[in-house]
Amino acid sequence: MDSARRSAIHVLLNPRSIAVIGASASLARMSGVIADKLANGEFTGEVFPVNPKYAELHGRRCHPDVASIGTVPDVAIIYLPAEAAVAAARQCADLGVKGLIVMSAGFAEVDERGKELQAELVEIADRAGMALCGPNTAGLANFGIGMVAFGTSVIAGMDTFQRGGVALLSSSGGLATTMLTYLRARRVGLSHLIGLGNEAVTDAAAFLDVMVDDPSVTCVIAVLEAIRDPEAFFAAADRALAAGKPVIVLKQGRSQIGMRAMLTHTGAMGGGHAAFEAACHRHGVVVVQQLSDLADAAMLFTRLPFEERYRLGILSIPGGGKSLSADTASDHGFELPLPSAETVERLRGVLPDIASPDNPLDPTAGFARDSARLQAALGGFWSDESFDIAVLMQSATEPEYGQAIAADIAEVGSRIGKPLVAIWESGPGLENGAWALLHDAGIPLFTMTAAGFAALDRHRAYVRRRAALLEGAADFGPLAAGDESWAAGLADLLDGEGPAVLDAIGVRRPRSYVVTTVEDAVKAGRDIAGPVAVKNADPAVLHKTEAGGVELGVLGDEEVERAFARVGGAGGAPVEIQEMVPAGLEILVGVDSDPLVGPVVTIGYGGVTTEIVADVTRRIVPVSRAEVVSMIEELRCAPLLRGFRGMPVRDEEALIDVVLRISWAAHRLREAGPVIELNPVIVTERGGAVAVDCVVGRLDAAETPGH
């Protein structure tokens with residue numbers, strides 16, 4: 001983003017003077033609420049109400065238009081019908097106003113005329129170099145300077161706002177204010193609240209980019225309907241990652257975005273939101289699916305240090321919480337080391353004889369009513385050097401008793417020298433007592449066990465991902481390391497030349513012949529001189545097994561003749577005669593090109609049950625060797641590569657090589673919209689990995705790709 005655009009956005013977010021065009025006298029209307037909050041709230045800059053109907057509004061002189069103010073405001077808030085809003089924007093541009101907040105609806109979100117008006121707004125803003133929030137936005141707030149120009153009833157009813165380091169971007173004003181209530185309950189303070197609206201000029205990527213350089217911002221959370229400029233958004237996310245400012249996103253439209261006719265298993269399982277998540281993973285963006293998860297993540301990420309230390313020491317005051325917390329921690333792969341002999345000895349005189357010094361630790365029923373003993377147990381247990389993070393598990397209590405427990409927890413937490421996370425399962429009644437006390441002490445508090453461990457899991461994944469992305473140069477495989485003569489003409493081979501693509505990039509495949517007569521089929525079988533696979537090679541038949549188009553282990557002239565007829569050769573379809581590959585683990589390796597983020601590589605459990613098992617993981621290309629290793633670790637079938645229960649150990653290095661070659665080829669073919677699927681790649685004990693079947697094509701192919 002150029003410096004002029006960045007400067008205009010900075011002024012939009014940090015104005016010294018604001019004109020409110022269309023200001024109302026009525027506090028029942030948002031144009032009146034916003035004018036009043038700016039004029040009589042904490043904003044210390046100048047406020048100029050603009051409305052020809054009034055001489056004075058909210059204690060300030062009211063002007064008939066912007067030109068009559070006598071000075072040029074930094075920012076103008078426009079609350080007029082769409083046609084009038086465009087005219088006001090043009091007047092602001094002529095005067096030299098740097099930023100606009102166009103709260104008016106009636107633009108591209110409604111009809112063709114609205115699209116025309118929005119195009120006019122864009123032209124006006126671009127010509128004048130103005131930043132523009134909206135149109136159709138709920139507004140914008142910078143709580144650090146007391147600027148609250150956000151028009152929802154929830155904010156209208158708030159007199160004070162908790163300041164903090166979290167910036168919230170939201171496509172929806174209603175969801176933004178819902179998020180604000182979630183954050184207030186968790187005592188998470190905001191630096192900014194930005195309603196994106198139609199993002200006609202200044203979009204989420206531009207706001208995020210500016211937030212990275214804002215010292216008041218430590219974390220950015222977003223509720224998004226679309227990523228209008230993926231390249232700029234993820235470039236800004238990279239800068240945020242390097243700066244240690246987490247970006248956490250709830251992306252709406254998971255069930256519909258990017259839905260289209262898929263050419264392959266890979267496309268069916270990897271398009272749309274799956275591709276978006278893969279891109280987020282590459283750039284260190286944390287993805288959640290619920291508003292409460294977004295608030296939980298903001299709370300935890302602003303209170304828990306970013307250190308690669310996640311061994312948990314869990315103390316559960318209710319006995320039942322011991323197994324619940326242990327099970328949930330295990331579900332998320334957390335280590336629960338046993339307490340040391342020194343810790344056991346330290347607790348011997350504190351815990352009742354019936355208590356077992358274990359992890360999780362249950363100090364037994366009623367123990368917490370003795371404040372001194374509870375603090376001794378908490379401190380004695382959590383100080384164990386085997387634990388990196390102290391975790392408290394608590395259940396519903398009488399409010400006064402709960403507050404006493406919370407006070408003991410906060411006291412011990414202040415002196416154990418390590419992070420403390422509280423999980424307190426309970427109904428209502430503790431919000432203003434025990435829970436408020438823990439929040440005010442800076443202790444992350446979760447009121448659901450699953451949510452607490454899920455948030456810890458996201459935090460750990462972010463820390464590990466950041467370390468991996470920042471560690472230095474990556475190995476993208478043999479194609480990236482050598483000359484790229486292999487890439488010449490490769491894009492043309494996407495038009496149905498799967499075997500040629502594999503040969504060009506160095507992926508091993510079985511010997512095979514495509515024939516159209518039974519005589520040539522028999523000749524091919526003799527040439528291969530062993531069991532063969534006989535397959536229908538019609539480009540229109542994508543999934544051959546389902547169509548009865550595959551015969552395996554065919555041996556001898558007569559069997560080849562019969563198989564040729566059964567798979568469709570007698571009806572005129574081309575037939576492939578292919579060398580049989582030794583038995584091994586069947587893995588899917590594929591690339592689908594997403595309209596939003598480009599090529600995405602998928603690996604997973606392969607074969608005819610690929611979609612049923614649905615054991616896959618994805619990344620945007622190119623993937624490094626370290627990323628491929630990480631992807632394999634994420635698969636449930638990974639143990640099958642490594643000798644699970646006496647099974648043969650498969651050639652994992654050969655599989656990694658195949659993925660790297662496919663990934664780099666897709667990266668080089670990015671502009672062609674490559675669609676490539678190898679299913680299955682048979683990974684054997686010896687002899688590497690062989691791509692038995694290959695489908696290639698393009699994202700925008702007019703015809704179904706062939707084999």
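The structure this text deals with has already been given above.
Residues numbered from 1 in each chain as written. Predicted model: local features only at pLDDT ≥ 70, side-chain atom pairs only at ≥ 80, totals over all residues. Heavy atoms only, no water.

Visitor: Break down the layout of surface pockets for me, citing the residues and quoting the values.
Guide: Looking at the largest pocket, its volume works out to about 1,500 Å³. Lining the largest pocket we find 46 residues, and of these H281, A461, R465, R619 and E634 sit closest to its centre. No other element matches the 11 residues that helix α17 (residues 449-470) contributes to the lining of the largest pocket. (1 Å grid on protein atoms, 1.4 Å probe; cavity = no way out; pocket = protein on both sides within 12 Å on 5 of 7 lines; lining within 4 Å. Points joined across faces, edges and corners; volume = space filled by probe spheres on them. Helix = DSSP H or I, 4+ residues; strand = E, 2+ residues; numbered from the N terminus.)

Visitor: Describe in detail the packing of helix α20 (residues 518-528) against helix α21 (residues 557-566), supporting the description with residues and values.
Guide: At their nearest, the axes of α20 and α21 sit 9 Å apart, and the two run at 135° to each other. Judged on the interaxial angle alone, α21 and α20 are oblique. Read as a crossing pair, α20 and α21 show a hand that is right-handed. Along the contact surface, α20 presents V518, A521, V522 and R526, while α21 presents D557, V560, E561 and F564. (Axes fitted to C-alpha atoms, helices over the stretch in contact; angles between N-to-C directions. Parallel < 35°, antiparallel > 145°, perpendicular 65-115°, else oblique. Left-handed = near helix turned anticlockwise from the far one by under 90°. Contact = heavy atoms within 4.5 Å.)

Visitor: Quick rundown of the packing of aromatic side chains? Include the residues and the values.
Guide: On inspection of all chains with the given rule, the structure shows nine aromatic pairs. Ring centres of F381 and F387 lie 4.9 Å apart, and the angle between their planes is 50°; on these two criteria the pair is classed as tilted. Note on F387: relative accessible area 1%, which makes it buried. Linked through ring pairs, F233, F234 and F276 together constitute an aromatic cluster. (Phe/Tyr/Trp six-rings, centres within 6.5 Å; stacked < 30°, edge-to-face > 60°. Buried < 20%, exposed > 50% of the residue type's maximum accessible area, 1.4 Å probe, protein only.)

Visitor: Can you lay out the sheet that holds strand β6 (residues 99-102) for me, pointing to particular residues and giving the numbers?
Guide: Here five strands make up an open sheet; going across it, the order is β2-β1-β5-β6-β7 and the pairing parallel. The open sheet has two edge strands, β2 (46-50) and β7 (131-133), and neither has a second partner. Taken over all neighbouring pairs, the strand axes of this sheet differ in orientation by 15° on average, direction set aside. Pairing of strand β1 (residues 17-21) with β2, which is carried by five bridges, proceeds in the parallel orientation. Residue pairing in the sheet places V20 in a bridge with P49 of β2. Where helix α1 (residues 3-13) meets the sheet, its contacts fall on β5 (75-78), β6 and β7, and the angle it forms with β7 comes to roughly 45°. (Pairing = 2+ DSSP bridges.)

Visitor: How would you sum up the nonpolar core? Please name residues and give values.
Guide: Nonpolar side chains tend to gather and get buried jointly when the protein is soluble and globular. Core analysis: the biggest nonpolar cluster contains 58 residues, and L38, I77, I101, L140, I194 and F207 have the highest contact counts within it. It is helix α7 (residues 204-212) that provides the largest number of residues to this core, a total of eight residues. Among residues more than four places away in sequence, those in contact with L140 are L12, L13, I101, C133, M147, V148, A149, F150, L193, I194 and F207. Formed by 50 residues, the second largest nonpolar core is a distinct cluster that contains F150, A176, Y310 and F334. (Core = buried A, V, L, I, M, F, W, Y, C linked by side-chain atoms within 4.5 Å.)

Visitor: A description of the sheet that holds strand β21 (residues 550-554) should follow, citing residues and the corresponding values.
Guide: The sheet built from four strands is open, its strands ordered β19-β22-β20-β21 with antiparallel pairing. Each of the sheet's edge strands pairs with one partner strand only, and the pair in question is β19 (512-515) and β21. The mean inter-strand angle of the sheet, taken between neighbouring strand axes irrespective of direction, is 15°. Strands β19, β20 (532-536) and β22 (575-579) of the sheet are contacted by α20, whose axis makes an angle of about 10° with β22. Packing against the sheet, α21 makes contact with β19, β20, β21 and β22, and its axis sits at approximately 170° to β21.

Visitor: With reference to specific residues and values, describe the pattern of salt bridges.
Guide: Evaluation of the coordinates by the stated rule reveals 36 salt bridges. For the salt bridge of R186 with D296, the shortest nitrogen-to-oxygen distance reads 2.8 Å. Taken together, the positions of R186 in the loop between α6 (173-185) and β11 (190-195) and D296 in helix α11 (residues 291-301) put the pair 110 residues apart, joining distant regions of the chain. Both residues of the pair, R186 and D296, count as buried. A salt bridge links R239 to D213; the nearest nitrogen and oxygen atoms lie 3.0 Å apart. (Salt bridge = Lys/Arg side-chain N within 4 Å of Asp/Glu carboxyl O.)

Visitor: So, the environment of A35: which residues are in play, and what are the values?
Guide: In this structure, A35 sits in helix α2 (residues 30-40). A35 sits 13 residues away from G22 along the chain, and the two C-alpha atoms are 9.4 Å apart.

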